[in-house]
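# Summary of structural features
Residue-level listing of the chains:
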Amino acid sequence: MNESSSDEHRKPVPLSAAARRVLGVLVEKAKTTPDAYPLTLNAIITGSNQKSNRAPKMELDEDDALSAMDELRGVGAAREVQGSGRAIKYRHAAYDWLDVDGPGAAVMTELLLRGPQTIGEIRTRASRMHAFEDLQAAQAVVDTLVEKGLVEAVTPPGRGQVFSHTLYPPQERQYLEAKIEKHSPAEDAGDNRSAVDQLLTRLESVNERIDSLEKRIADLES
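The shown structure was predicted, so the numbers you read here are calculated from the model rather than taken from an experiment.

## Observations regarding the overall build of the chain
- Assigned secondary structure in the chain consists of nine helices and five strands.
- Put simply, the chain has 222 residues, and 40% of those count as buried.
- Within the chain, contacts between residues separated by at least 24 positions form 59% of all contacts whose residues are at least 6 apart in sequence.
- For the chain, the exposed area adds up to about 12300 Å²; of that, 49% sits on carbon and sulfur atoms.

## So, the pattern of salt bridges
- Scanning the entire structure with this criterion turns up 10 salt bridges.
- With a closest N to O distance of 2.6 Å, Arg-128 and Glu-110 form a salt bridge. With Arg-128 in the loop between helix H6 (119–126) and helix H7 (135–147) and Glu-110 in helix H5 (residues 102–114), this pair connects stretches of sequence that are 18 residues apart.
- Assessed through its relative accessible area of 0%, Glu-110 is described here as buried.
- Between Glu-152 and Arg-173 there is a salt bridge; the shortest N-O distance is 2.2 Å. Highlighted residues: Glu-152 in strand E4 (residues 151–153) and Arg-173 in helix H8 (residues 170–182), separated in sequence by 21 residues.
- The partly exposed category is assigned to Arg-173, whose relative accessible area is 27%.
- Connected via shared salt-bridge partners are Glu-28, Lys-29, Arg-54, Glu-110 and Arg-128.

## Focus on the sheet that holds E4
- Spatially, three strands are ordered E3-E5-E4 in an open sheet, and the strand pairing comes out antiparallel. In this open sheet, the two strands that pair with only one neighbour each are strand E3 (117–118) and E4.
- The sheet contact formed by E4 and strand E5 (residues 162–165) spans three bridges and is antiparallel. Counted as the bridge partner of Ala-153 is Phe-163 from E5.
- Relative to E4, H7 is tilted by about 105 degrees, and along the sheet it contacts E4 and E5.

## Describing helix H1 (residues 17–32)
- If you check H1, its first and last C-alpha atoms are 22 Å apart, about what 16 residues at 1.5 Å a residue would give, namely 22 Å.
- Of all 16 residues that make up H1, 14 are buried, and the element is covered over most of its length.

## Comments concerning the pairing of E5
- Here E5 shows a buried face lined by Val-162 and Ser-164 and a second buried face lined by Phe-163 and His-165.
- Note: E3 against E5, two bridges, orientation antiparallel. Opposite Gln-117, over in E5, you have Phe-163 as the bridge partner.

Quick notes on the rules
- Residues numbered from 1 in each chain as written.
- Predicted model: local features only at pLDDT ≥ 70, side-chain atom pairs only at ≥ 80, totals over all residues.
- Heavy atoms only, no water.
- Helix = DSSP H or I, 4+ residues; strand = E, 2+ residues; numbered from the N terminus.
- Buried < 20%, exposed > 50% of the residue type's maximum accessible area, 1.4 Å probe, protein only.
- Contact = heavy atoms within 4.5 Å.
- Areas by Shrake-Rupley, 256 points an atom, 1.4 Å probe, with all protein chains shown as cover.
- Salt bridge = Lys/Arg side-chain N within 4 Å of Asp/Glu carboxyl O.
- Pairing = 2+ DSSP bridges.
- Axes fitted to C-alpha atoms, helices over the stretch in contact; angles between N-to-C directions.
- Expected span 1.5 Å × (residues − 1).

Spelled out as C-alpha cells, the structure:
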C-alpha cells in the first residue's frame, strides 16, 4: 500500500524551490522514519534545513514552509491531515501526483533533495529508501521516469551522464543548464565559459529580483 493517495490525480507541474524541497522531505521521511509520519510543520522545516542529504542548503522559516505546503496542496501533491491531539500534520500524495511506484519515488526524491546526479549517485543515495540491486536496476527506473517526462538527461550519453527531474520553473531551468554547461568540457572553453558566466550573472540577477518582488508582495498581503 502506498504511503499516500489522492482523490484526484493531477498532472505534475513545475514547483518552486521551497515546494520541491518540502515534497522531497515528505516522501523521504515517510520512507525512512514512518513512525514520525505524517509530519508537523516544525518537522518539515527541520527536514528541509538539515545539512545532510541536501543540495543546495536552505533556511526555510515557518512562512516559507506554509507557502510551500499551500503550493503543494494546490497542485494535488500533498495534503493536510488531523494528527493526534488535534495537531495539524502533512502528508504527500507523490505516488498519485507523479504516477510512480516505490523505486520511482525514491529516485525522484533524491533528485528533488539533491539536484542533478549520475546513475551511480542516484543508486547510492536512494538506497536508504529503496535498495537497487545494481546500476542497471537504477538505470531502468530512471529510463521509466524519462519516458514519463519526469526526468531528463542534462549531459550527453556516456560515463558520468547526469540526470535531473523536470519540475524546475523556466528561469531555474535556464540557470541549471548554464551551470551544467559551465562545468562541462568544451573545445572553445574560453569563449563558452565567458558567455556562460554572463548568462549565469544575468539569471542570478533575475532570480534575486523575483525573490525581492515576491517578498514585497507577501509583505503587502500580510
